[in-house]
Structure formats: structure tokens, C-alpha cells
Amino acid sequence: MHRLTALLGILSPLLLLVDTAGGLAPAGPWDAFNFAPASKVVRPATIHSTSGSVQNAAGLVHDSSGIAILSGNGSYLVLDFSKEVGGILSLDIEKTAPGAALSLSFTESPEFISPIHSDDSCHPSATFQSDGVQALPSPLSVGTFTQTIGQQRGGFRFLTIVSNSPTPVSISNVSLAITFMPHWDDLRAYAGYFSAQDPGFHDPDFLTKLWYAGAYTVQTNSIDSHQADSSRAQHHWVSWSNDASGGPVVGPILVDGAKRDRNIWPGDMGISTHTEFVALNDLLPSKNALIVMFSTQDPATGSLQYSGPPINAQGSDTYIGWSLIGTHNYFLYTGDLDFVKQVWANYTKALAFLEGQVDSTGLVNVPPSFANDWGRENGQGHNSAANAVVYRALITAADLANQVGDTALSSRYAANASSIKAAFNEILWDDTAGMFRDNDVSNLHPQDGNSLAILFNLTNTAAQITAISEGLTTFWTDIGPLSPELNDTIIPFIGGFEVQAHFIAGEGERALDLLHREWGYMLYTNLSVQSTLLEGFTANGSLGYRAAAGADFDHSFTSHSHGWATGPTPALTFFVLGLSITSPQGATWSVAPVLSGLGAAEGGFETGLGWFGVKWSANGSALTLDINTPDGTLGSAIIPGEGDVQIDGKMVEVDPAGSIMILVGLTGLCEMLNRKDIVCTLPTDVYREHRYLHKDPMWGRNFYPIPRKFRVALLALSSSIWKHKLWLDRLCLLSPGWNHFKHPRSRF
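Residues numbered from 1 in each chain as written. Predicted model: local features only at pLDDT ≥ 70, side-chain atom pairs only at ≥ 80, totals over all residues. Heavy atoms only, no water.

Novice: Hey, could you go over the pattern of salt bridges for me, with residue numbers and the actual values?
Specialist: One pass over the full model with this rule turns up 14 salt bridges. The shortest N-O distance in the salt bridge between Glu355 and Arg412 comes to 3.4 Å. Separated by 57 residues along the polypeptide, Glu355 in helix H6 (residues 337–355) and Arg412 in helix H8 (residues 407–428) bring together distant segments of the chain. With relative accessibility at 40%, the residue Arg412 sits in the partly exposed group. Arg376 serves as the salt-bridge partner of Asp438, at 2.5 Å between the closest nitrogen and oxygen. (Salt bridge = Lys/Arg side-chain N within 4 Å of Asp/Glu carboxyl O. Helix = DSSP H or I, 4+ residues; strand = E, 2+ residues; numbered from the N terminus. Buried < 20%, exposed > 50% of the residue type's maximum accessible area, 1.4 Å probe, protein only.)

Put into C-alpha cells, the structure is as follows:
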């Protein structure tokens, strides 16, 4: 174990490097914010309300075993499970008589508690009554009633039990068998964690709660492949039915929402797969979802569907691109090259379909028939968001082509990506506004296209990044940005990309401000389930997401557990902790915390290689940074601040740019390899003023790694730190076991 102490003029970094064995996330106070239930069978937490003649309703809550009696037509009780849940409901009929009748209604939001209808999931209805209620079989008989798989409610918090007859009915033992995460026995067995105090918000635990709300949201979106919602696809809309096939796979799939649509939408996975990784390290639902999407390929054109079955929506260039990007995300997090090879023919054909839409301008010209996106308007033509997605698809495709051994194809994909980037800047950049335009015939500056331009590195200069980050704030309200792409819409899907864009711009406090506004509203408003994250909402905070754009003004149709809203969970890990992996499973990694005005943060995640963890604290002028990484991995650390640096208590020189590099465990490596010459006596002219250019497959940026001959030795280190996205200009031998690289600070 080695410690780096930097006595900086602004902050004093103290870097502790330790090796840890693999396993689940460590226990700690953060576990109190994990919304996942301890059992896969849950009972109501409290009584929300009663109406009419109801006796001993409290006997139905989790710590009681009493019997409740409903008497009188229209009497009802409302049970509160305290959080979003979903599954198969059971209750015992203890006593009944001829003519007795019961019905059930469900809702996520307390706004739609009703004895006569549930919130809507089948289709939007201006009367909020498309789903209705579930009537128990008549005549009622003593015994246990249990829903069928199709009758299960995929997402709700409040259950209303209604007597529809004057005849009294006695009930007990109301319980719910959780059906999401069907392949997990322990829903709380997270592989990752996050913890940070947020003094800038009314609840200092907000960031930790938000991280776990995102994690739990994605859990509720991981369902059995044969429990999709068939009601919307069949268009009969009599009642909900959650027993349809979600595609030709067996096992869990990652869908868009718990209540609805319970369908694979690959754009949503552009957020939710990252959440799945940092919190759960369970990529099987994403893998199965990708298999489903490739199974939808049109053999003639190569296009993929907009969504999976049973909805089977058609016509979206962006969502085809997200299927391709999702393939690389899955590979990055798992190292599963066999999967890439399995879908490679479909993958390259789908990418060729998108490449075929690049016109003489150098940009993708989206046809109206493929202009569908997240719900925004005017996605056709030289749309900036669509071109950003295709650019990212090409960058990641270049990496995957290398992985499968096709270097010529990799070079072609990279060249095509470069052409799109050049045209993107030449045609769509508005220097006056300091933002990209929505397309070449529009003066609108979109939230999606500009956020993705930063995230996917379509900018040419740091000044552009700064300007875009500032420009995006012009859309802000007290509860989040109003998207200029869709009227009266605050869209957490795009907000998740914007948060990351601000972090990349070095505007950490601005990113937290956005989290406070948008996610602070959705997590604490009494309209929400306060445990999982909203699909969207409006400028006045109502649940009328897309009310006038396809939702028939049905506020109850909005999903309260939507994976695309979980962008803060990976953002807090990747940027506040600063922890990310840069090659499959974290064989190489990066730590670059954006302090964001916070005093401390800690957390980490697991991959197939083991545990990756970061813990930092800033106290006055001192910064302490602990990094845990698996054996055999390489990494870089970018430490904020400037000044003097100590390694294991020994002062070392810092270059004018304020950066250092340390490599841990070289002596042991030399002895193991019996090759001291590799590490200790490399010719200095190998390094002097040389720049070694390489493409970062993660983001498509250039970086300058350690030369191959030297890097071969480092790959076997038990733990090590190295710097990329910069050039190595001088090697100093401090001791037989340590090497100190001086280099300019990265501008990333």
C-alpha cells in the first residue's frame, strides 16, 4: 500500500492505493438509503386512508397479523407499500357471504388513488380510466386469492381494496410477491455503492438517496422476458395484461418502465445500462435486450426496430444507433467478446443502414420515416442529436472492429466518424449563440444535441464546451430544464446527458444545481413515489408529461419508475467519485474526481476483474484520495489542485502543469519477471519529446499512453496508476522500484 500526499496551494491530495479482493459492495451507512426490499415478498407499510365502514385496517400492515372487515357498498381502504413495488398480489378471504364483492385498484402516485379506477398503463385516456379495476372472482369464497402473472401490476405504491356490496367481507394477509429482478434472490445485494453529504440541498443525504433511487428504478425495470405488457400492443385495452413475450430470449430483460411500457426501448438503455453496471454489475438484462433488438432486423435494409416486442415500434435512426452503442457499453463492462461476435453480422448491417443516410454534406440526413426519437419533435433532416448518436456509434464500432480483428473496417469506421464530426462543426455550430443548432434549417438550439455533443466529444475546442454548458442553463426553471425540442416538457432522459455534459465542462457545482432542481423535485414532490424516478413532467410540476404530444392529457399515464431518468446514478460514480473504466472490465481505468463543492464522497463498483473503489475528502487545503483497484489493472489519476506533492511522506517535484504520475509495485514486478532492464534501464531517448498517439475507444478522444515495450511490463502489476489523454515527455528514475513521469496536465 502506498500513499501520495500533495501539499497543494489549493488542495493537498493524499492518494492511497490498495488492492482489494472481489466481492459485493462494503456495508456502511449508505445501506440505509437502499430502497430495495429485504424480502421478495412484501407487505403494506402503512394505512394511507379509509372510507366508509372499515374495521381494523391496521391489521393488514407489515408488522400485524390482524383481520380487516369492509362493510357497505363503496367502503374501501388504501394500503401504502411506502415505495414503488410490483408483482403478484395475494390476500386471504377470512369470512364472506353470498353477494359479497371486492375489487382492487393500483396507483403509483397518490394523486390517482381511487376506488373506481387505477392509474393508466394500457393507453392514455383523457378520463384517466383506461385501466379500471380488477374485480375478484365472484362469488367470493373463503381462502387465498392470488393474481395470475398477467394480472400482476408491474409498478405501484398504493393499493385500494374496495367493497362493492353491502355484505361484509373479512380479509387478512395482504402480500406481494416481487416479480422484477427474477434472477436475484437478494434484491439488496448491490455490487456498487455511493455516499456523499450535500450541504447545498435541504436534505444533506440527497445525492446518496438519488444514487440509490436510480439503482432501484433499474431493478424494477428488469423483468422476466415473458412478463411484458400485451395490452398496448393488442389495442383491446380492456385491462392491463403483463404476460406477453418481450422477445425471443429466456431470462430477464431491461425494459423502459415498471408500470409501462414494460417493453425494450434501446434509447432508454443509453442511460439505464450504465446504472445497471455501477450499481448492480448485472448486465444480463441488457444483453438479453440487445439480443432482442438485433432479432428485429429487417433482412432487406439492415434497420432495427424502434422498440422490441410486443409493441414493435418502427422508424428511429437514433434508437438504431443506441442499440449499437449499447453493444459497446455491454462489451466494455463485461469483456464478453463472444457476444460481440455473435451479433457482429447484424451489427455491421445495422450500422451500414445508418451510414447509407450520410449525404453530400457529410451529415446523416434522417428521413421522416426514421425520425422518431425520445418523443421530441422535428428529428428529421440533418438533426444534431441523430448525428451525435451515429458519430458515437461509429467511434464505438471502430473499437469493436479492432476487438474482432478487422483493423481495416475499424479504420473505415473511424474515418467516417471524423467526417461526421467535421461536418457537424462546420454546418451546425452557431458561433453567436455558442451552441449547436438542431439542424441546418433551424435556429433552435436543442438540449439533446448539445448535451450529446459534449458527452460524445463532437466539440473541437474547450471554449465550445464552456459555451454549451453555459448556454444549456438558459433552458432552466426552478425544477429543471424546459426542453426546446418538445413544448412544456422536462425530460430526465436528456437531463441525464446534460448533467454529464456539465461535469465534463468542469462545472461540477452547476451539475449539482441541475440535480437539485430536476431530481430534487421528482424525488421529494408528494406527487411521486419518492423511491424511483419519473419519466417526465411539466414546467408547473404536474405529471402531464407529453400531455399534448400523444398522452391525451392523461397525467396518470406517466411512469414513476423509468430507467431513462436514472442518469444521476452513473454520473455521480463517473464524475463525483471520478471513477470509470476505459477498457473491458476495467483492465485500464481512470480516477478524476470533480469535487463540485462537496467535502467528501466514496463508492465504487465491481467488474469481472474485481472491486474498484474511490474515497476522497477535502478538508481545508487538504485532499485525501484513496483508490482501490483489482490486481493486474492499470489506471490514471487526475488530481485537482496545484502545489507540492508527497509520495509515502516524501516530497516529490511537480511539473509546472501540476501533474504527477506514480506506478505502484514495480520492484515486485521486476523480480517476478527477472527483467530489471525492462523497468529500470530503458533508453531515455525512447521517451524524450516523443508523443505516442492512440485512440481512446471509450470516448473517441486522443490520448498518449506509455510506450508499448514499457506497458507490457506494467500490465502485470498488482496495482498501478498511469496517465492517458496526455503525452509522456520525460522519465525520471527515482529508485529501482519507482518511476516518476512528468507531463502536462490533461485538458479533458
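Having seen it, we continue.
Novice: Which residues make up the pairing of strand E21 (residues 610–619), and what are the values?
Specialist: Direction of pairing for strand E20 (residues 600–607) relative to E21: antiparallel, over a ladder of eight bridges. Counterpart to Ala601 in the pairing with E21 is Trp616. Linking two consecutive strands that pair antiparallel, namely E20 and E21, is a turn of two residues. Pairing analysis gives seven bridges linking E21 to strand E22 (residues 622–629), with the strands arranged antiparallel. (Pairing = 2+ DSSP bridges.)

Novice: Residue-level account of helix H5 (residues 317–334), with values.
Specialist: Compared with the 26 Å implied by 1.5 Å per residue over 18 residues, the 26 Å span of H5 between its first and last C-alpha is a close match. One or two positions beyond H5, positive phi appears at Gly335, with a value near 70°. (Expected span 1.5 Å × (residues − 1).)

Novice: So, helix H11 (residues 492–504): which residues are in play, and what are the values?
Specialist: With 13 residues, H11 should reach 18 Å at 1.5 Å per residue; the first-to-last C-alpha distance of 18 Å fits that figure. Counting buried residues along H11, 13 of its 13 residues qualify, which places the element largely inside the surrounding structure. Gly506, located one to two residues past H11, shows a positive phi value of around 80°.

Novice: So what's going on with the packing of aromatic side chains? Residues and values would help.
Specialist: According to the stated counting rule, one finds 31 aromatic pairs in the structure shown. A ring pair is formed by Phe353 and Phe370, whose centres lie 5.0 Å apart and whose planes are at 55°; its orientation type is tilted. Taken together, the residues span a long stretch of sequence, with Phe353 in helix H6 and Phe370 in the loop between H6 and helix H7 (384–403) at a distance of 17 residues. For Phe353, a relative accessible area of 16% puts it in the buried group. Across from the ring centre of Trp240, 4.4 Å away, lies the NZ or CZ of Arg153, which sits over that ring. One residue, Arg260, lies across the ring of Phe557, its end atom 4.2 Å from the ring centre. (Phe/Tyr/Trp six-rings, centres within 6.5 Å; stacked < 30°, edge-to-face > 60°. Lys NZ or Arg CZ within 6 Å of the ring centre and 35° of its normal.)

Novice: Report on the confidence of the model for the protein chain, specifying residues and quantitative values.
Specialist: Mean pLDDT over the protein chain: 86, with 82% of residues reaching 70 or higher. Considering only residues more than four positions removed or in separate chains, one finds that residues 1–22, a stretch of pLDDT under 50, has 105 contacts. Across residues 657–748 the pLDDT falls below 50, and counting only partners more than four positions away or on other chains, this stretch makes 222 contacts in the model. (pLDDT = per-residue confidence, 0-100. Contact = heavy atoms within 4.5 Å.)

Novice: Before we move on, could you go through the packing of H11 against helix H13 (residues 568–576) and cite the residues and values that matter?
Specialist: Contact geometry of H11 with H13 gives a least axis separation of 10 Å together with a crossing angle of 10°. When the interaxial angle is binned, H11 and H13 end up roughly parallel. Residues Val499, Gln500, Phe503 and Ile504 of H11 form the contact with H13, whose own contacting residues are Ala571, Phe575 and Val576. For the contact of H11 with H13, a count of residues per class yields six nonpolar, one polar and no charged. (Axes fitted to C-alpha atoms, helices over the stretch in contact; angles between N-to-C directions. Parallel < 35°, antiparallel > 145°, perpendicular 65-115°, else oblique. Nonpolar A, V, L, I, M, F, W, Y, C, P; charged D, E, K, R; others polar.)

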